[in-house]
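# Close look at the chain arrangement
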Amino acid sequence: MFVDVHILQTVPPSNINRDDTGSPKTAVYGGVRRARVSSQAWKRATRKMFGELVDPATLGVRTKRVVELVAERIGTAVEDPAAAAAQVIKDAGIKLEKPKKKGKDDDGADPADQLEQSKYLLFLSATQIDRLAKLAIETATTGVSDKTAAKAAANGADSIDVALFGRMVADSADLNVDAAAQVAHALSVHSVNNEFDYFTAVDDRAPEDNAGAGMIGVVEFNSSTLYRYATVNVDLLAQNLGDNEAAAVAVANFLTAFVRSMPTGKQNTFANRTLPDAVVVSVRTDQPVNLVTAFESPVDALGSARSAGAAKQLLERYHALETAYGSNDATNYVVVAANGLEVLSELATPTSLTAVVDQVAAQVRDALGVAS
């Protein structure tokens, strides 16, 4: 079972996701330049929103400062919690390294900044961190390391964010978690040309006869109607979590968070906090289907909203793909929040996001054999 999420979302002037020069990210698709928001940006926004939907203490942490994290859990149970934490992490097959010095010396530096760190960002669930801390205490007390136990402590018991977005540990492949969710780069359904905002700021303490600005700058931006897509492999999610009910809850939380989240790039400057114009959720048993090819030909918005034209092209592409390749077994759910997008009612009667989330979760429970 796969849960596909298709979103049309219009954003005003904004710089949601910047490249290394500070410009809004773009991509060429269908021969024209499009606005782009990377999958990483929206996955992080989704993961941050999980903290509003479930107990934050049950979620994972992605960090290089894993020694510090485990040492905090150990507390005062052993004489040197940092050393105990480092030992159990190494026993789990995770390589550590000394952090690079930020200055000529370490005088006055935070001691935590001097602890060993993993060579890469490591994604661990709260349960895994607790288990590593418990084993670290045992190892420090007995003086006997157990690499098998350390690997077991760092594996399994994945939180919903680890189960959805996965984990890769280059040095210890048996700790890898295949991501149950895939998120596409969001693309505008039309061509864009980035624009520039020349701005000045006034120094409130400047003399009254000073006509100059205290600061002058330029910020780049664009506005667009984006097509966003994600898919969840329900069976893999249930396998990662080891609990079918937890998988249904994770799907519900993912749908809510992915639809309602927004990356925070330049938000204070542009306040680009919009919600989607339309959401289509397809629960499928054949394969995930990204409908971005609906917009290979850019949407012509002359005389109407781009989102309305995008909805029409999305529907046409959906029907074309189902006719050519589909098994017509998809169950669709639709949310419409803008005028002119009623054409999507051909797929399902529009309803609220809350109702869609509840209905999809119920369908997932039924498929996984969870008793109601």
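Here, every reference points to the structure presented above.
Quick look at the structure, then. (Residues numbered from 1 in each chain as written. Predicted model: local features only at pLDDT ≥ 70, side-chain atom pairs only at ≥ 80, totals over all residues. Heavy atoms only, no water.)

### With respect to the pairing of strand β1 (residues 2-14)
- Of all 13 residues in β1, ten are buried; the element is thus mostly enclosed.
- Bridge count between β1 and strand β11 (residues 215-233): eleven bridges; the pairing is antiparallel. Looking across to β11, one finds that Q9 is bridged to L226.
- Where β1 lies against strand β12 (residues 278-284), seven bridges are found, and the strand directions are antiparallel. Bridge pairing in β12 places V3 opposite V283. (Buried < 20%, exposed > 50% of the residue type's maximum accessible area, 1.4 Å probe, protein only. Helix = DSSP H or I, 4+ residues; strand = E, 2+ residues; numbered from the N terminus. Pairing = 2+ DSSP bridges.)

### A look at the nonpolar core
- Judged by nonpolar contacts, the single largest core of 57 residues is most densely connected at V3, L237, V251, F254, V281, V360 and V364.
- A total of ten residues in this core trace back to one element, the largest contributor, which is helix α8 (residues 244-260).
- The residues touching V251, leaving out its near neighbours within four places in the chain, are V3, V232, V234, L237, V360 and V364.
- Membership of the second largest hydrophobic core comes to 28 residues, among which are V66, V70, V78 and V88. (Core = buried A, V, L, I, M, F, W, Y, C linked by side-chain atoms within 4.5 Å. Contact = heavy atoms within 4.5 Å.)

### Focus: the layout of surface pockets
- Size it by volume and the largest pocket reaches roughly 500 Å³.
- It is helix α1 (residues 39-53) that contributes the most residues to the lining of the largest pocket, seven residues altogether.
- Looking at the lining of the largest pocket residue by residue, the classes come out as seven nonpolar, eight polar and six charged.
- One number sums up the size of the second largest pocket: a volume of about 340 Å³.
- As for the second largest pocket, its lining consists of 14 residues, and the residues nearest its centre are K43, R62, F123, F165 and G166.
- Broken down by secondary-structure element, the contributors of at least two residues to the lining of the second largest pocket are α1 and β7 (122-124).
- In terms of residue count, the dominant contributor to the lining of the second largest pocket is α1 (four residues). (1 Å grid on protein atoms, 1.4 Å probe; cavity = no way out; pocket = protein on both sides within 12 Å on 5 of 7 lines; lining within 4 Å. Points joined across faces, edges and corners; volume = space filled by probe spheres on them. Nonpolar A, V, L, I, M, F, W, Y, C, P; charged D, E, K, R; others polar.)

### Focus on the packing of α1 against α8
- At a minimum axis distance of 8 Å, the contact between α1 and α8 shows a crossing angle of 120°. Classified by the angle their axes make, α1 and α8 are oblique. As for the relative orientation of α1 and α8, their crossing is right-handed in sense. Residues W42, T46, M49, F50 and L53 of α1 touch α8, and the partners they reach there are N253, F254, T256, A257, F258 and R260. (Axes fitted to C-alpha atoms, helices over the stretch in contact; angles between N-to-C directions. Parallel < 35°, antiparallel > 145°, perpendicular 65-115°, else oblique. Left-handed = near helix turned anticlockwise from the far one by under 90°.)

### A few points about the packing of aromatic side chains
- Summed over all chains, the structure comprises five aromatic pairs.
- Each ring, one from Y227 and one from F295, has its centre 5.3 Å from the other, and the planes form 50°; the classification is tilted. Here Y227 is found in strand β11, whereas its partner F295 is found in the loop between β12 and α10 (306-324), with 68 residues between them in sequence.
- Under the relative-accessibility criterion, Y227 is labelled buried at 3%.
- On the accessibility criterion, F295 (1% relative accessible area) is buried.
- A ring pair is formed by F254 and F258, whose centres lie 5.6 Å apart and whose planes are at 5°; its orientation type is stacked. Of this pair, F254 and F258 both sit in helix α8, four residues apart, which is roughly one turn of that helix.
- Site record: aromatic cluster; members linked through ring pairs are F50, F165, F254 and F258. (Phe/Tyr/Trp six-rings, centres within 6.5 Å; stacked < 30°, edge-to-face > 60°.)

### Quick word on empty space enclosed by the protein
- Considering all chains together, one arrives at three cavities of 30 Å³ or more under this definition.
- Taken as a whole, the largest cavity holds about 80 Å³ of empty space.
- Taken together, V11, S14, N15, I16, N17, P24, K25, A35, R36, V37, N222 and S224 make up the lining of the largest cavity.
- For the lining of the largest cavity, the secondary structure elements donating two or more residues are β1, β3 (32-37) and β11.
- With three residues, β3 is the largest single contributor of residues to the lining of the largest cavity.
- Partitioning the lining of the largest cavity into residue classes produces five nonpolar, five polar and two charged.
- Size it by volume and the second largest cavity reaches roughly 50 Å³.
- Around the second largest cavity sit D4, H6, R284, V289, L291, Y318, L321 and E322, which together line it.
- Of all the secondary-structure elements, those providing two or more residues to the lining of the second largest cavity are β1 and α10.
- Sorting elements by how many residues they give to the lining of the second largest cavity places α10 first, with three residues.
- For the lining of the second largest cavity, the class distribution of residues is four nonpolar, one polar and three charged.

### A few points about helix α2 (residues 66-74)
- Judged by how many residues are buried, α2 sits mostly within the fold: seven of nine residues are covered.
- Among the residues of α2, those classed as buried are V66, V67, E68, L69, V70, A71 and I74.
- Elements in contact with the buried residues of α2: β4 (61-63), α3 (81-91), β5 (96-97), β6 (117-118), β7 and α4 (126-142).
- Of the residues one or two after α2, G75 is the one with positive phi, at around 65°.

### Some thoughts on the environment of P276
- With respect to the element layout, P276 can be found in the loop between α9 (267-270) and β12.
- A residue is classified by how much of its surface remains accessible, and P276, at 10% relative accessible area, is buried.
- Sequence separation between P276 and E208 is 68 residues, and the spatial gap between their C-alpha atoms is 46 Å.
- Setting aside its immediate chain neighbours within four residues, P276 contacts I7, L8, Q9, R228, V259 and A337.

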